[in-house]
Amino acid sequence: MSTLVIVGSQWGDEGKGKVTDMLAEGADMVVRYQGGNNAGHTVVVDGQEFKLHLIPSGILYPDTISVIAGGVVVDPSVLLEEIAGLNARNVETAGLRISQNAHVIMPYHKLLDALEEETRGDGKIGTTCRGIGPAYVDKVHRCGIRISDLLNSKTFKARLTTVLQDKNRVLQRIYNHEPLSFDDIYDSYSQLADRLRHYVTDTTQLVSEANKAGKNILFEGAQGTLLDIDQGTYPFVTSSHPIAGGACLGTGIGPTDIDRVIGITKAYTTRVGEGPFPVELKDTVGDRLRDAGHEYGTTTGRPRRCGWVDAVMLRYAAAVNGLSSLAVTKMDVLTGLDEIKICTAYKYRDTIIDKFPERTDVLAECEPIYEVLQGWQEDITGAVTAEELPQAARLYVARLEELSGVPASMISVGPARAQTIVNKHLLSPFHA
């Protein structure tokens, strides 16, 4: 038996989809534990590109059970579109399981998300306006609607009646917006529920039984460490817990049942939306990283902000998640640069700090202190072992390991599944 959590070590978009897809080959079960369809994972298999938003990357393996756990918020129409898209490409989805306790994104969540962001003006947080935040708000406020509610017409009607009255008052009195129709929502969501019904189960029990039976379980998070609602750069964060501890909260598995945690980090840094970003490059190098790395959101298409790798942040992620190893992605994007920089500390006013600041206003004033390494010109996309990498590339990875205090178990040198250098010892049994 082995349980492994995959987390993003930056602000998300680190390449978790590809890593999860690779490791799912050795997994009996892949579990998505938080977030919603504001996340996107791109996986390339046999030259085909798959863009997944809610369904775990393990769905591409027909013998693997793919679980959407209770910590996820689900937009039923988006999920059904994703299922249909996979089926149209001959991907079997019979192994999908959806938690009956997962909360549902309703039409008023998406509408309020957009209206609230619009009113923030210069203080906007960069939400995708897909209703994720408001759905989590209702969950905490104890007025959310869960998948199990949708499947019981009497319960759904009663809960929707109460909640929609409150939402329509807000829409009308605060935003001067017309009210939403109860009948339209009830009818459309009842139909969606019927189409999802056969996927729904008690996933807490399902995961627990798989764990007791000695199965290999892979837990997949969305977004990244610095977007965690508690440990991230608040308020420029998501509304859930992408960190490794979120796997316990979102699925019901106990913390002592987690064996290892892999932190995914790009060979550089990106983030989407607003918020402080000390290593951001607003120059031709930043543009080059964006274009070479195709740094545009899988879900939104928005261009990502790009910068050098931030080892201060990486050390923080290692501590918060208890990282066992690193998966360094997109190393090939750095090919062709004469020099590569790593941020090893910050200058905050007149002080040098090497710890990631807890306060976002402090981070906003931090200036990066860089260490400069030699770049490489050789094409690395065909490398299958670390020894085949140029010396400069090997030294770069070694420096990331040294600065983070975590060994690298994977080095990605291209988008395809096969373009990955793997330390099998650190990943067994998920990678033989």
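A brief look at the structure comes next. (Residues numbered from 1 in each chain as written. Predicted model: local features only at pLDDT ≥ 70, side-chain atom pairs only at ≥ 80, totals over all residues. Heavy atoms only, no water.)

Here the focus is the pattern of salt bridges. This model, assessed by the stated rule, comprises 19 salt bridges. Between Lys16 and Glu14 there is a salt bridge; the shortest N-O distance is 2.9 Å. Take Lys16 and Glu14: they sit in the same class, and that class is buried. Among the ionic pairs, Lys330 bridges to Glu295, the shortest N-O distance being 3.0 Å. A residue pair is termed long-range when its members are at least 10 positions apart, and Lys330 in the loop between β15 (325-329) and β16 (339-348) and Glu295 in the loop between α10 (284-292) and β13 (305-307) qualify at 35 residues. Residue classification places Lys330 among the partly exposed positions, given a relative accessible area of 23%. Take Glu295: its relative accessible area is 0%, and that puts it in the buried class. Residues joined by salt bridges that share partners form a network here, namely Asp13, Lys266, Glu295, Arg304 and Lys330. (Salt bridge = Lys/Arg side-chain N within 4 Å of Asp/Glu carboxyl O. Buried < 20%, exposed > 50% of the residue type's maximum accessible area, 1.4 Å probe, protein only. Helix = DSSP H or I, 4+ residues; strand = E, 2+ residues; numbered from the N terminus.)

Here we take up the environment of Thr300. Of note, Thr300 is situated in the loop between α10 and β13. A residue is classified by how much of its surface remains accessible, and Thr300, at 31% relative accessible area, is partly exposed. It is 7.1 Å that separates the C-alpha atoms of Thr300 and Thr128, two residues lying 172 residues apart in sequence. Ignoring anything within four residues of it in the chain, the contact list for Thr300 reads Thr128 and Arg130. (Contact = heavy atoms within 4.5 Å.)

Grouped together as the largest cluster of nonpolar side chains are 38 residues, with contacts concentrated most on Leu79, Ile98, Met106 and Leu160. Of all elements in the fold, only β3 (41-45), β4 (48-52), α2 (76-88), β7 (96-99), α5 (147-150), α6 (153-173) and α7 (182-196) reach the threshold of two or more residues within this core. The element best represented in this core is α7, accounting for six residues. Not counting the four nearest positions on each side in its chain, Leu160 is found in contact with Met106, Tyr108, Ile145, Phe182, Ile185 and Tyr186. Formed by 30 residues, the second largest nonpolar core is a distinct cluster that contains Leu281, Met331, Ile342 and Tyr396. (Core = buried A, V, L, I, M, F, W, Y, C linked by side-chain atoms within 4.5 Å.)

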